[in-house]
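# Breakdown of the fold
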Amino acid sequence: MTRIAAVLVRQHMAQAAPPGVDPGDFLEAVAEDTYEIVAGLELVTPVLITSVPGLDDLVWPGTEVIAIAEDEPLKDVLTRLDADQAAVVCADAPDLPPLLIGKLFRELGRAEITICPAENGGAVALACALPAPAWADPDLDAYDVVKELRAQAPGPRRVATTPGWHRLRTPQDVGRLDPGLEGWDNTRALVRAR
């Protein structure tokens, strides 16, 4: 079985840059940290999906980079991934524990789509078998994405959830990053330098 873990970078994710930090630099830092999380997973191929040009140098050589429109629906993005299963992880979660991505894949044994919910609405990540279920039109920025997907699904058991995490969507969210957690080195260096 082939598995992809794709980091999704959209321009609006730069809006969480704290005062004194360039939004473009902030977006690159969180995207690189999130990419490092997925690239470190075993038995998973990392991919970068981005609406922001010029991020190719953030990824390891040989990593597929898929350019998308800023507002391209996730269901369309999923059709461009070539694997048996895929997880899509929002780039604004630079301290996401890798274990949560593993839980997404594990839950696919009992559901068609699994969601890692985000605190304060939306989702940090989504996983599904490919091709994605035809009934699903997921939006990781929708406030209650789980409720929306369960309403779209032929049955509520087709959508499972894992423990949630946080995304950096406002400058105040940067305070949620745990200095005790390993990783998020690029974001940490940028935020400390201001």
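Everything that follows concerns the structure shown earlier in this document.
Below you will find a few notes about this structure. (Residues numbered from 1 in each chain as written. Predicted model: local features only at pLDDT ≥ 70, side-chain atom pairs only at ≥ 80, totals over all residues. Heavy atoms only, no water.)

### A look at the pairing of strand β2 (residues 45–50)
What counts, and what does not: A simple rule labels every residue: compare its accessible area, found with a 1.4 Å probe on the protein chains alone, to the largest value its type can have, and call it buried under 20%, exposed over 50%, or partly exposed in between. Helix and strand definitions follow DSSP, with helices as H or I runs of at least four residues and strands as E runs of at least two, each counted in order from the N terminus. Any two strands with at least two DSSP bridges between them are considered paired. By definition, the crossover connecting two strands over a helix is right-handed if that path, from the first strand to the second, turns clockwise as seen with the strands pointing away from the viewer.
Among the six residues in β2, five count as buried, and that is most of the element. Sheet analysis places strand β1 (residues 3–9) next to β2, joined by six bridges and oriented parallel. Following the sheet pairing, Leu 8 is matched in β2 by Ile 49. The β-α-β motif built from β1, the intervening helix α1 (residues 23–39) and the parallel element β2 has right-handed crossover chirality. Relative to strand β3 (residues 64–67), β2 is paired through four bridges, and the arrangement is parallel. Note that in β3 the partner of Ile 49 across the bridge is Ile 66.

### Side note on a negative patch on the surface
Inclusion rule: Patch members must show over 30% relative accessible area and no salt bridge, and they are joined within 9 Å when carrying like charges or within 5 Å when they are nonpolar side chains of Val, Leu, Ile, Met, Phe, Trp or Tyr. Note on areas: Shrake-Rupley with a 1.4 Å probe; residue coverage comes only from the protein chains shown. Within this document, salt bridges are pairs made up of a side-chain nitrogen of Lys or Arg and a carboxyl oxygen of Asp or Glu, the two lying within 4 Å of each other. In summary, the charge assignment counts Lys and Arg as positive and Asp and Glu as negative, without counting His or the chain termini. Charge placement uses NZ in Lys and CZ in Arg. For Asp and Glu, CG and CD serve respectively.
Residues Asp 22, Asp 25, Glu 28, Asp 56 and Asp 57 make up a contiguous surface patch of negative charge. By the secondary structure assignment, Asp 56 is in the loop between β2 and β3. A residue is classified by how much of its surface remains accessible, and Asp 56, at 47% relative accessible area, is partly exposed.

### Regarding the environment of Leu 74
You can see Leu 74 is positioned in helix α2 (residues 74–78). Residue classification places Leu 74 among the buried residues on the basis of a relative accessible area of 4%. When the C-alpha positions of Leu 74 and Arg 169 are compared, they lie 19 Å apart, and in sequence the two are 95 residues distant.

Structural measurements only, silent on function.
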